[in-house]
Amino acid sequence: MTQPILPKLKHMTPAFAVDGMLYISGYGQVAEIPDDNGAIHRMCRLLDGTRTAAEVYCDLAADYPEITAAEVEAAIAQFDESGFLINGAVTPDGLLDDYEQARWARNINFFGSYCSLADNQFQYQRTLLDARVTLLGLGGLGCHILQDLAAMGIGHVRVVEFDRVEMSNLNRQILYRDADIGQPKIDLAVDRIRQFNPRIDIEKIPRRIENTDDVLAAVDGADVVISVADRPKMEINHWVNEGCVRAGVPLVTGGLDTQRAVYFTMVPGQTGCIECWRLGVFRTDQVSATLLAEKRERQIGGDNAAFVPLVTMVTGLLIGETVRLLTGVAPPVAAGRLMQLRFDDYEMTEYETWKRLPDCPVCGTSTPTGPPATLKTNQLA
Ligand SMILES: [Zn+2]
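Source: prediction; values computed, not measured. (Residues numbered from 1 in each chain as written. Predicted model: local features only at pLDDT ≥ 70, side-chain atom pairs only at ≥ 80, totals over all residues.)

Right, let's talk about the sheet that holds strand 13 (residues 348–353) for a bit. Strand pairing in a sheet is mediated by backbone hydrogen bonds. Such pairs are either parallel or antiparallel. Reading across the sheet, the 8 strands line up as 8-7-6-9-10-11-12-13 and stay open at both edges, with mixed pairing between neighbours. Both edges of this open sheet fall to strand 8 (201–205) and strand 13, since each of them pairs with a single strand only. Neighbouring strand axes in the sheet, compared pairwise and without regard to direction, differ in orientation by 20° on average. The sheet contact formed by strand 12 (residues 337–342) and strand 13 spans 5 bridges and is antiparallel. (Pairing = 2+ DSSP bridges. Helix = DSSP H or I, 4+ residues; strand = E, 2+ residues; numbered from the N terminus. Axes fitted to C-alpha atoms, helices over the stretch in contact; angles between N-to-C directions.)

With that out of the way, let us pick up the nonpolar core. Soluble globular proteins tend to pack their nonpolar side chains together in the buried interior. Core analysis: the largest hydrophobic core is formed by 97 residues, its most contacted members being Leu146, Val159, Ala189 and Val314. With 9 residues, helix 13 (residues 308–327) is the largest single contributor of residues to this core. Both of domain 1 (7–87) and domain 2 (131–353) provide at least three residues apiece to this core. (Core = buried A, V, L, I, M, F, W, Y, C linked by C-beta atoms within 7 Å. Buried ≥ 20, exposed ≤ 12 C-beta atoms within 10 Å, placed from the backbone. Domains from an automatic or database assignment.)

The next thing to look at is the packing of helix 1 (residues 39–46) against helix 2 (residues 53–63). For the pair helix 1 and helix 2, the least separation of the axes is 10 Å and the interaxial angle reads 140°. Our classification of the angle between helix 1 and helix 2 gives oblique. As for the relative orientation of helix 1 and helix 2, their crossing is right-handed in sense. Taken together, the residues of helix 2 that come into contact with helix 1 (itself represented by Ala39, Arg42, Met43 and Leu46) are Val56, Asp59, Leu60 and Asp63. (Parallel < 35°, antiparallel > 145°, perpendicular 65-115°, else oblique. Left-handed = near helix turned anticlockwise from the far one by under 90°. Contact = placed C-beta atoms within 7 Å.)

Read across the sheet, 3 strands follow the order 2-3-4 without closing on themselves; strand pairing throughout is antiparallel. The open sheet has two edge strands with one neighbour each: strand 2 (15–18) and strand 4 (29–34). Looking at each pair of strands side by side, their axes are set apart by 30° on average, direction ignored. Across the sheet, helix 1 lies against strand 2, strand 3 (21–26) and strand 4, angled at about 160° from strand 2, the strand it touches most.

Another aspect to go through is helix 2. Note on helix geometry: an α-helix contains 3.6 residues per turn, so any two residues three or four positions apart are oriented the same way. Those residues of helix 2 that sit buried are Val56, Tyr57 and Leu60. Axial view of helix 2: buried residues confined to an arc of 100°, hence all on one face. Exposed and oriented more than 90 degrees from the buried face of helix 2 are Ala54 and Ala62. The inward-facing, buried residues of helix 2 contact helix 1 and helix 3 (69–81). (Arc of directions from axis to C-beta.)

What follows is the structure, given as structure tokens:
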């Protein structure tokens with residue numbers, strides 16, 4: 001059965017009048033509409049989610065007989081286009097049970113802020129509950145990401161981690177305690193997340209990623225992959241990139257570089273991949289190419305600095321990118337471009353962007369079908 005459309009002015013976009021002007025505010029912006037006779041203000045009052053557009057017109061025409069139905073319809077369409085309206089007839093029936101409505105009520109309100117009359121804010125949460133995300137790595141970034149995936153209501157999560165807890169992890173790895181030193185991270189993390197959200201379906205892969213086939217096994221069936229695994233430093237990004245391209249699963253990845261955080265989204269078949277980036281650097285940027293080769297030769301990785309303010313900033317960005325990809329509520333920000341956030345000023349900038357290369361051995365259109373060529377070098381630091 002098709003739901004009726006009962007336009008409702010969003011709670012967070014209130015309308016108010018000042019000196020013959022009507023203002024509708026919301027999300028940091030204010031719209032200004034001339035309203036000498038108060039008709040538009042009156043219409044806003046009628047947009048309370050209990051009337052169809054035709055009923056709004058009838059009630060409005062009682063006070064303002066000169067107004068036409070076409071004018072009311074046009075005004076409602078314009079309000080909808082501006083993001084002021086939600087459909088008051090939409091219900092969570094068949095999408096969310098009582099527990100889900102209560103637990104994710106604030107998410108639903110957030111999604112509602114993006115909805116138009118044609119949308120259903122409850123559907124966004126249903127999409128998250130049905131989503132399958134693979135998380136590679138349960139270190140500093142992975143702990144925060146897993147906690148937030150569970151909080152947000154991602155229904156199915158597969159985690160991959162081989163490491164054990166060390167004392168130096170505890171400045172940022174919030175799922176572990178002093179008493180956990182020496183214990184496997186994956187067991188501790190999963191136990192705690194199940195206590196936090198008993199409904200989450202969470203699968204453990206307690207092993208080290210050692211090649212692309214391991215990645216393919218870990219990402220099988222996933223809607224999005226989040227990779228924050230960082231060992232082996234010089235190889236893992238390439239295995240993950242190739243695995244995600246071959247599986248056709250979007251990849252969201254990022255990390256810390258001492259004083260800055262970076263993140264990047266790869267959508268197979270749409271954006272350039274990590275190997276496209278590497279090829280581009282080697283073809284066009286002699287300085288960076290030499291630096292990469294030097295890092296690989298000397299196995300230079302990070303300096304083991306990891307500061308929690310940057311950890312939580314970048315994990316928020318990675319989670320946000322994941323929700324964008326899963327729900328389409330807004331387009332991904334970092335698709336095909338490496339974004340950078342510096343601790344000095346928290347300024348977010350595009351650090352690098354690159355295109356998909358037709359001759360990329362991993363994702364290129366000229367790549368023969370079947371397993372792509374083995375990467376010869378793995379130099380993305
Ligand atoms: Zn590529």
